[in-house]
Amino acid sequence: MAPGATLDVHPPNGPPNGEVPAGQQKSQKQMTKQERRELQERQRAAKSAKTAANGVNGKPQGGKPANQPAAAGGAPSRKGRASDAASKLPSASVTKVVEKIKAGQSSTADQSAKNQARGLLIFSHFGLPKTVSVAKGDIHPVIARTALQFLSFKIVGANARCIATLTAFKTVIQDYVTPPNNTLSRHLMTFLSPQISHLVAARPMSVTMGNAIRQLKLDISGSDIDLPEQDAKDALCQKIDTYIRERIIIADQVIQETAGNKIKDGDVILTYARSSVVEKVLLEAHESGRNFSVIVVDSRPMLEGKRLVAVLSEAGIQCTYVLLPALGSVINEVSTVLVGAHSIHTNGAVYSRAGTALVAMMAKQHSVPVVVCCETYKFSESIQLDSFTKNELAPLGDLFSSFPNNKPRESLTLENKPHLEILNPLYDLTPPTCITAVVTEVGVIPPNSISSIPVALGRLL
């Protein structure tokens, strides 16, 4: 069969070469997507050429670029306005001048902010010590007092801060009155939010406080709405007392017995700083009749080991007090290292007072077992790989020297100066490879099995 005759098909509005006859212009509706894009490119090229010809200001002397086609019909109403607005934009040189001015203003503001902040920029994300501020919102007086105690480091330690927080919440709950047309289980949560925020503003929230507050919110949301208000508040306070008794007090007693059995006669126990759990373990072992000695390693700026040495020596335990730089000279005499923990993470890493990681690594190098005493309510489901991403700064004002005695105490205080920056990270992270075992109230757990703690408790923390 012979092929059919072919016909040349032309576009409806022009010849096949796509050129537009003079005096005739397609509207945007009649243009294809490719044609509209080409038109925009031509307009941009014309505007750039005119800007370069007119100099720095870049303002066109005429109304439209010479090579810009005139739109027919109602097209100039949109394209004309867009073209005029585009022609009024500043040129590249003017933009650079404006950017330089803004950069100079911002740099001046940044410099003044840096001078006021007076902190190393690489550590600017740390929880910096804050000044005492006026309470915002309806803050209960006991919360304000507790926040000031946190801020001034009158209350330190994960257990002490958690107990103080829960005790303050008991007072807040007892003084709370449910507004009309509200239920306690719903409105009390809203009332406690500013109280929690005020405590966090004083010092960053610890893992123990976070776990306790999370459990308290669950108890509040599960309150029976049919109970009288006072009975519901009494029930919540009773649950708080139960949490403190079971998760902290009884847990410490179990840890005392378990870890105390690891101490034998003639052992030399090394501990770092001051942990309330380790202090109870050592006192319990001494009361059980075991004869051992303790080396307390301490470091600035907190010098918490001084208090531990005072308590242990008063109880009749032979103690040796050294600072952290002297650790290498005494590590060979140590039988076991006992340390506490601020929190313990899913990957087995222990977050504790700064210097603990150095002690654990040195002990591992000399084949000394490292035992961590930690309650299960300090467990965090997060994974932390270092102490740089999250940390807190210790307060300033460390007495770096006590001599000579004829100088005033204020002159011996180490503080920020024009050419001196004080940096005291409060915590560090001990890797699980440097830990032998973790003693909890549910048993002795290897660091690579820390993630099984919620399963051992039979519930989520």
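Computed from a prediction, not measured in an experiment: that's the story for all the values here.

Examining the packing of helix H5 (residues 158-175) against helix H6 (residues 184-202)
Phase 1 of the analysis: For the pair H5 and H6, interaxial distance at closest approach is 12 Å and the crossing angle is 140 degrees. Judged by the inter-axis angle, H5 sits oblique to H6. For the pair H5 and H6, the crossing hand works out as right-handed. Residues Thr165, Phe169, Val172 and Ile173 of H5 form the contact with H6, whose participating residues are Leu188, Phe191, Leu192, Gln195, Ile196 and Leu199.

Quick notes on the nonpolar core
Phase 1 of the analysis: The biggest cluster of nonpolar side chains holds 35 residues, and the ones touching the most others in it are Ile143, Phe169 and Leu188.
Phase 2 of the analysis: Contributions of two or more residues to this core are made by helix H4 (141-151), H5, H6, helix H7 (207-221) and helix H8 (229-260).
Phase 3 of the analysis: Contact partners of Leu188, with chain neighbours within four places excluded, come to Ile173, Tyr176, Thr183, Ile220 and Leu236.
Phase 4 of the analysis: Grouped together as the second largest cluster of nonpolar side chains are 32 residues, Leu270, Leu324, Phe379 and Ile450 included.

Observations regarding H6
Phase 1 of the analysis: For H6, spanning 19 residues, the distance from its first C-alpha to its last is 27 Å, which sits close to the expected 27 Å at 1.5 Å a residue.
Phase 2 of the analysis: The largest bend along H6 reaches roughly 25 degrees and is located at Leu192, with the proline Pro194 sitting one to four residues downstream.
Phase 3 of the analysis: For H6, the full list of buried residues reads Leu184, Ser185, Leu188, Phe191, Leu192, Gln195, Ile196, His198, Leu199 and Ala202.
Phase 4 of the analysis: On its buried side, H6 packs onto H4, H5, H7 and H8.

Looking at a nonpolar patch on the surface
Phase 1 of the analysis: A cluster of nonpolar side chains, Ile249, Ile250 and Val254, forms an exposed patch at the surface whose accessible area comes to about 210 Å².
Phase 2 of the analysis: Inspection of the secondary structure puts Ile250 in helix H8.

Let's talk about the packing of aromatic side chains
Phase 1 of the analysis: For the structure shown, the criterion picks out 3 aromatic pairs.
Phase 2 of the analysis: Geometrically, the ring pair formed by Tyr243 and Tyr377 is edge-to-face, given 6.3 Å between the ring centres and 85 degrees between the ring planes. With Tyr243 in helix H8 and Tyr377 in the loop between strand S7 (370-373) and strand S8 (379-380), this pair connects stretches of sequence that are 134 residues apart. Accessibility classification places Tyr243 together with Tyr377 in one group, the buried group.
Phase 3 of the analysis: Over the ring of Phe150 we find Arg161, and its NZ or CZ is 5.2 Å from the ring centre.

Brief notes about the side chain of Lys233
Phase 1 of the analysis: Turning to its location among the elements, Lys233 is positioned in helix H8.
Phase 2 of the analysis: Residue Lys233 is classed as buried on the basis of its relative accessible area, which comes to 4%.
Phase 3 of the analysis: Within polar-contact distance, the side chain of Lys233 engages the backbone oxygen of Tyr176 at 2.8 Å.
Phase 4 of the analysis: The residues touching Lys233, leaving out its near neighbours within four places in the chain, are Ile173, Gln174, Tyr176 and Leu184.

A look at the environment of Glu375
Phase 1 of the analysis: You can see Glu375 is positioned in the loop between S7 and S8.
Phase 2 of the analysis: Of the residues examined, Glu375 reaches a relative accessible area of 1% and is grouped as buried.
Phase 3 of the analysis: Each C-alpha atom of the pair Glu375 and Ala251 lies 6.3 Å from the other, and the pair is 124 residues apart in sequence.
Phase 4 of the analysis: Discounting residues that sit within four places of it in the chain, Glu375 has contacts with Asn159, Arg247, Ala251, Asp252, Ile255, Val277 and Glu441.

Cut-offs applied
Residues numbered from 1 in each chain as written. Predicted model: local features only at pLDDT ≥ 70, side-chain atom pairs only at ≥ 80, totals over all residues. Heavy atoms only, no water. Axes fitted to C-alpha atoms, helices over the stretch in contact; angles between N-to-C directions. Helix = DSSP H or I, 4+ residues; strand = E, 2+ residues; numbered from the N terminus. Parallel < 35°, antiparallel > 145°, perpendicular 65-115°, else oblique. Left-handed = near helix turned anticlockwise from the far one by under 90°. Contact = heavy atoms within 4.5 Å. Core = buried A, V, L, I, M, F, W, Y, C linked by side-chain atoms within 4.5 Å. Buried < 20%, exposed > 50% of the residue type's maximum accessible area, 1.4 Å probe, protein only. Expected span 1.5 Å × (residues − 1). Bend = angle between axes of the 7 residues up to and from the residue. Patch = residues over 30% accessible without salt bridge, like charges linked within 9 Å, V, L, I, M, F, W, Y side chains within 5 Å. Areas by Shrake-Rupley, 256 points an atom, 1.4 Å probe, with all protein chains shown as cover. Salt bridge = Lys/Arg side-chain N within 4 Å of Asp/Glu carboxyl O. Phe/Tyr/Trp six-rings, centres within 6.5 Å; stacked < 30°, edge-to-face > 60°. Lys NZ or Arg CZ within 6 Å of the ring centre and 35° of its normal. Polar contact = N/O pair within 3.5 Å; in protein donor to acceptor, adjacent residues only side chain to side chain.

Honestly, it's all geometry; don't read function into it.
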